[in-house]
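Geometric and topological summary
The residues making up each chain are set out below.
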Amino acid sequence: MILLFFIPALPLLASVLILTMLRKDGQKSAVAGVIATAFTLALLPFLFGKNVSSSVPWLQLNHYQLTIGLSLDMLSFIFISVISIVSLFVQIYAIGYMKEETGKIRFFSIFSFFIGSMMLLVLANSFLLLFVAWEAVSVASFLLISFYLTREESKRAALTAFIMIRVADVALFVAWLLVLLQTGTTNIPTFLNAVATGQFASGMLIVITVFFVIGALGKSAQLPFSSWLPGAMVAPTPVSALLHSATMVVAGVYLLLRLFPLFTAVPVASQIILWIGLVTALVGAIIATGQMHMKRVLAWSTISQIGEMILAIGSGSIIAAMFHFITQAFFKSTLFLTAGSIDKAAGTLELEKLKGFGRALPILAIPFLLSTLALAGIPPFSGFFSEEAILASVAKNTPALILFLITLFLAGLYIGRVATAVFLSKPTHKFNNASLPFFMTYPTLILSFGAADIGLVLKPILLLLLPSQNETLSLLLRLISVGTSISGLAIGFIYVKFFGLKNPLGRVQQIVERVVLGVPNITVQAVQSIGTLLVNLEQLFDDLVRLLVSQTFVLVEKLQPVEVAFDDGALKFATNTFTLSQITDKAENIWFSNPVDTLGNTIMLAGIRLKPLQQGKTYNYLSAILLWTVLILGASAFLLIIISVIR
Amino acid sequence: MNLVLTIPLPFFLAVAAVLFAIGIYTVLAQRSAVMILMGIELMFTAIVLNAIAFWRFVTPQDFSTQLFAILVITVSTIEMAVGLAVMMLAYRNKRSVNMDKFEEVHET
């Protein structure tokens, strides 16, 4: 059990070590990485055939339990074996490849980190740990694709890859959260038991399965998530050889293999992945035939091969899928390493410029041609056996069988085209005799031998181990498949010889490629335009409200003089009325109230004055009488005098 | 009778006027009611004196003025008696002969 723990721990430890302690020296860091991987490989024989697992509860929330654990069974063992062998050789190769590059420490550190995360992914028996490792692998891929920091397309490709995979990972996340909700734990064997014993409602099971499938498709660059992988070819070649051909992209296949009981429980899901895998394989092969850049051919080829693996899972044969994974890992990584060597020697990977380059480096012809024959499925090389296994699993499904045979033909076509152009043509310009570093050639050669004969070796072993999975194939079908492969290679050879590097499938290939690469673009643009539409709509509303408010202001301004005029008019009216009332008041005072008052006062005064007459004062009475008498007498005397004067 | 008076007529008239004036003054200015009656008496006297003076100097032969004089005196006496009687009555009510106190017609 402790040994099992070391498998992922050693590379991760190496990664940390490189970053912290070996900062000065690039070579030592590379060696540390290689040693870690070598140790991991060395541990493998001790673990062979053991089924160990342990799981630790990490977090308990009410009745949900999150676990962490590692487990080893035949599936995991095969995967870690392949990963460690291929990683070891690619790392040794990388020592030579990265010799003149800057940033070696960063490279080897992330490389070891990737290897450790990949080991963790295949050994995890908890969805939580699997998901963490899944994301860690994506992060490592991102960091490695964008390794050449000065190149703009590296950053773009890395971001595209990361985001596209992330979008699919949402589905994966939802899927295992649903599992957690239903079973109350993140332990994978518990989940698979529950599925097998039928504890899940069928609707929920379909949903979970579909989401897991979407997550796997994203990581493995199947349709519709295919467009990131060709773009990721801007990474250094060791990265392409390890991550994007043999290990990271098959994580999706591993997930589907691990969750195989789901597919037996949900037959419709099997059909779905069968057809997705088949269509991807076919479309990938079509697009691969028209590529002009060697690594892009290999990228589309990887997509196509993984499609074949998924086709096998969908047809119900785990053994075929695993077998094809093993063989594809070997021959695809060999092809990539050879491509890297050509890149170092010739400085370019454009097929037009590489015509006949094989003459300058004949030693590379061995791995390349061996891998070509393996990929095309020619016996007795390994690809033949694994593709035969897939053929056996799909034989009962006639339309699928026909499409698969077409895919085999196209596989021969595209790889034959490249092989012929580079190694079997006459050179168009002069190449200098280049030489390759020691570290680069030998790993390539060794891996290529693996590519060549692993199939031969494994077939009887597999037959021994799992007799029940052996499906007999009719001789006719075998002959047809071999014939298809050979004819594919032949057509590729002839085409290049006579027509040069023109696109064999012409317009068809171009249209298919444009569609596959363009679909994510269109989706993103659609979402973006919806966003823009919403922003514009909101802007429109904003403007409308602003317009309304401003018009109201204008209206208010226009109304203001009117209101002021009213105000003035009312003021004038009031003032005039007031003046009028004041005048009336004065007039009334002068002409009416004052005279009346005066009259009243006068009468009152007269009364006051006359009051003593009535008061009973005798003096007053006597005075009045006297006065009156005197007046009368005076008046009469006067009158008498006047009369006498007149007489 | 041809009696001679060495005092001419105007002196008699002047005296009668002065007496009349004093009588008026007394009536108007005196407080006591008895004194007012005396003033009235004075005024009567002045009038008689005025009449007699005019008889003596204008028509001495006509003795109607003498009759007039007796009449006037009689009247004045009667009037005096009446006045005193009224005054006595008033005094019984008021316990005073002050004229200023007889104002009961209207007091404001």
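Procedures and definitions
- Residues numbered from 1 in each chain as written.
- Chains lettered and ligands numbered in written order.
- Predicted model: local features only at pLDDT ≥ 70, side-chain atom pairs only at ≥ 80, totals over all residues.
- Heavy atoms only, no water.
- Phe/Tyr/Trp six-rings, centres within 6.5 Å; stacked < 30°, edge-to-face > 60°.
- Helix = DSSP H or I, 4+ residues; strand = E, 2+ residues; numbered from the N terminus.
- Buried < 20%, exposed > 50% of the residue type's maximum accessible area, 1.4 Å probe, protein only.
- Contact = heavy atoms within 4.5 Å.
- Salt bridge = Lys/Arg side-chain N within 4 Å of Asp/Glu carboxyl O.
- Core = buried A, V, L, I, M, F, W, Y, C linked by side-chain atoms within 4.5 Å.
- Buried area = accessible area lost by both parts, 1.4 Å probe.
- Polar contact = N/O pair within 3.5 Å; in protein donor to acceptor, adjacent residues only side chain to side chain.
- Nonpolar A, V, L, I, M, F, W, Y, C, P; charged D, E, K, R; others polar.
- Axes fitted to C-alpha atoms, helices over the stretch in contact; angles between N-to-C directions.
- Parallel < 35°, antiparallel > 145°, perpendicular 65-115°, else oblique.
- Left-handed = near helix turned anticlockwise from the far one by under 90°.

**Brief notes about the packing of aromatic side chains**
All names here are of chain A. With the rule as written, the count across this model stands at 16 aromatic pairs over all chains. Judged by centre distance (4.2 Å) and plane angle (15 degrees), the rings of Phe-79 and Phe-325 are stacked. Of this pair, Phe-79 sits in helix 3 (residues 74-97) while Phe-325 sits in helix 15 (residues 318-346), placing them 246 residues apart in sequence. Considered together, Phe-79 and Phe-325 belong to a single accessibility category, that of buried residues. For the pair Phe-107 and Phe-108, a centre-to-centre distance of 5.3 Å together with 90 degrees between the ring planes defines the contact as edge-to-face. Note on Phe-108: relative accessible area 2%, which makes it buried. Members of the aromatic cluster, connected to one another through ring pairs, are Phe-107, Phe-108, Phe-111, Phe-147 and Tyr-148.

**Points about the side chain of A:Glu308**
Residue placement: A:Glu308 occurs in helix 14 (residues 294-314). Setting aside its immediate chain neighbours within four residues, A:Glu308 contacts A:Gly277, A:Ala281, A:His324, A:Glu387, A:Ile390, A:Phe404 and A:Thr407.

**Re the pattern of salt bridges**
Residues and elements named next belong to chain A. In total, this model carries 3 salt bridges over all chains according to the counting rule given. The closest approach of N and O atoms between Glu-135 and Arg-166, which form a salt bridge, is 2.8 Å. Remark: Arg-166 occurs in helix 6 (residues 152-183) and Glu-135 occurs in helix 5 (residues 127-145); sequence separation between them is 31 residues. Judged by relative accessible area, Arg-166 falls into the partly exposed class, the value being 38%. A salt bridge links Arg-546 to Asp-542; the shortest N-O distance between them is 3.4 Å. Separated by 4 residues within a single helix, Arg-546 and Asp-542 lie in helix 21 (residues 506-610), roughly one turn from each other. Residue classification places Arg-546 among the exposed positions, given a relative accessible area of 54%.

**Section: the nonpolar core**
If you look at the biggest cluster of nonpolar residues, it comprises 179 residues, and the most contacted ones within it are A:Phe191, A:Phe212, A:Trp228 and A:Met294. The greatest single-element share of this core, amounting to 15 residues, is contributed by helix 18 (residues 398-423) of chain A. Residue contacts for A:Phe191: discarding those within four places in its chain leaves A:Phe127, A:Val179, A:Thr183, A:Phe200, A:Ile208, A:Phe212, A:Leu259 and A:Leu262. B:Val27, B:Ala33, B:Leu37 and B:Met43 belong to the second largest nonpolar core, which has 10 residues in total.

**What about the interface of chain B and chain A?**
Facing the 9 residues of chain B at the interface are 11 residues of chain A. A buried area of about 880 Å², summed over both sides, lies between chain B and chain A, and 61% of it is on carbon and sulfur atoms. Where chain B packs against chain A, one counts 0 salt bridges. Run the count over chain B and chain A and you get 0 residue pairs in polar contact (both at pLDDT 80 or more). Of the residues in the side of chain B that touches chain A, the class split is 6 nonpolar, 2 polar and 1 charged.

**As for the environment of A:Phe107**
Residue and element names in this part refer to chain A. As for its placement among the helices and strands, Phe-107 is situated in helix 4 (residues 104-123). Residues Phe-107 and Leu-143, 36 residues apart in the sequence, show an inter-C-alpha distance of 8.8 Å. Beyond its immediate sequence surroundings of up to four residues, Phe-107 is in contact with Ala-94, Met-98, Leu-144, Phe-147, Pro-236, Pro-238 and Val-239.

**Digging into the packing of helix 14 of chain A against helix 18 of chain A**
All names here are of chain A. Put simply, helix 14 and helix 18 touch, their axes get as near as 11 Å, and they point 155 degrees apart. Classified by the angle their axes make, helix 14 and helix 18 are roughly antiparallel. You can see that helix 14 and helix 18 cross each other, and the crossing is left-handed. The residues of helix 18 that touch helix 14, namely those facing Met-294, Val-297, Leu-298, Ser-301, Ser-304, Gln-305, Glu-308 and Leu-311, are Phe-404, Thr-407, Tyr-414, Ile-415, Val-418 and Val-422. Among the residues making up the contact of helix 14 with helix 18, the classes are represented as 9 nonpolar, 4 polar and 1 charged.

Function-wise, these values are silent; they only describe arrangement.
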